[in-house]
Amino acid sequence: MKLVLAVIQDADAAALVRVLSENAFEVTKLASTGGFLREGNTTLMIGVPDERMADLKRHVQQTCRTRTRLVTPSVPMGEQGEGLAADPVEVAVGGAVMFVMGVQEFVKV
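Each value, and the rule that gives it
- Residues numbered from 1 in each chain as written.
- Predicted model: local features only at pLDDT ≥ 70, side-chain atom pairs only at ≥ 80, totals over all residues.
- Heavy atoms only, no water.
- Salt bridge = Lys/Arg side-chain N within 4 Å of Asp/Glu carboxyl O.
- Helix = DSSP H or I, 4+ residues; strand = E, 2+ residues; numbered from the N terminus.
- Buried < 20%, exposed > 50% of the residue type's maximum accessible area, 1.4 Å probe, protein only.
- Polar contact = N/O pair within 3.5 Å; in protein donor to acceptor, adjacent residues only side chain to side chain.
- Contact = heavy atoms within 4.5 Å.
- Phe/Tyr/Trp six-rings, centres within 6.5 Å; stacked < 30°, edge-to-face > 60°.
- Lys NZ or Arg CZ within 6 Å of the ring centre and 35° of its normal.
- Patch = residues over 30% accessible without salt bridge, like charges linked within 9 Å, V, L, I, M, F, W, Y side chains within 5 Å.
- Areas by Shrake-Rupley, 256 points an atom, 1.4 Å probe, with all protein chains shown as cover.
- Core = buried A, V, L, I, M, F, W, Y, C linked by side-chain atoms within 4.5 Å.

A. The pattern of salt bridges, seen in detail. Enumeration over the complete set of coordinates arrives at four salt bridges. Residue Lys108 pairs with Glu26 through a salt bridge whose shortest N-O separation is 2.8 Å. Highlighted residues: Lys108 in the segment after β6 (96-102) and Glu26 in strand β2 (residues 26-34), separated in sequence by 82 residues. A residue is classified by how much of its surface remains accessible, and Lys108, at 59% relative accessible area, is exposed. By relative accessible area, which is 48% here, Glu26 ends up partly exposed. Notably, a salt bridge pairs Arg58 with Asp55, separated by 3.2 Å at the nearest N-O pair. With Arg58 and Asp55 both in helix α2 (residues 53-63) and three residues apart, this pair spans about one turn of that helix. Judged by its relative accessible area of 28%, Asp55 is partly exposed.

B. Representation of the side chain of Thr42 in the model. Checked against the element boundaries, Thr42 lands in strand β3 (residues 39-48). A polar atom in the side chain of Thr42 sits 2.7 Å from the side chain of Asp10. Ignoring anything within four residues of it in the chain, the contact list for Thr42 reads Ala6, Val7, Ile8, Asp10, Ala13, Lys29, Leu30 and Ser32.

C. Just unusual backbone geometry, in detail. In this structure, Ala24 is a non-glycine residue whose phi angle is positive, near 65°. If you trace the backbone, Ala24 turns up in the loop between α1 (10-22) and β2.

D. How the structure looks around the packing of aromatic side chains. Taken as a whole and assessed by the stated rule, the structure comprises zero aromatic pairs. One cation-aromatic arrangement involves Arg52 over Phe25; the distance from NZ or CZ to the ring centre is 3.9 Å.

E. Just a nonpolar patch on the surface, in detail. Residues Val97, Phe99 and Met101 make up a contiguous nonpolar surface patch of about 260 Å² in total accessible area. Mapping Met101 onto the fold places it in strand β6.

F. Representation of the nonpolar core. Counting 14 residues, the largest nonpolar core has Val4, Leu16, Leu20, Leu44, Ile46 and Leu56 as the members making the most contacts within it. For this core, the elements supplying multiple residues, two or more each, are β1 (2-9), α1, β3 and α2. Setting aside residues up to four positions removed in sequence, Leu56 forms contacts with Val4, Leu20, Phe25, Ile46, Val48 and Met98.

Function cannot be read off these values alone, since they describe shape.
What follows is the structure, given as structure tokens:
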């Protein structure tokens, strides 16, 4: 048995929870914040038998896509020069980060 913590972009949360529920995965949804852009994201706690890990990974890969976004870098106040304008930079956002942990015991009451 594994416990998977999947950190995903908020934009993908509803679709992934729906897909996982339709495929008999039990999911607990937690709001979270962090990452490169310090934006809201969603952390899903998923208990999964070892033999279903490949299915879970496939569903996450198919649902949580990577996007690009233009971001204007912030320049610290002390380093701002006159007439300097930070050009927007294209960065990749989205996808998923999955932490997979072994579970010694799982009790459902």
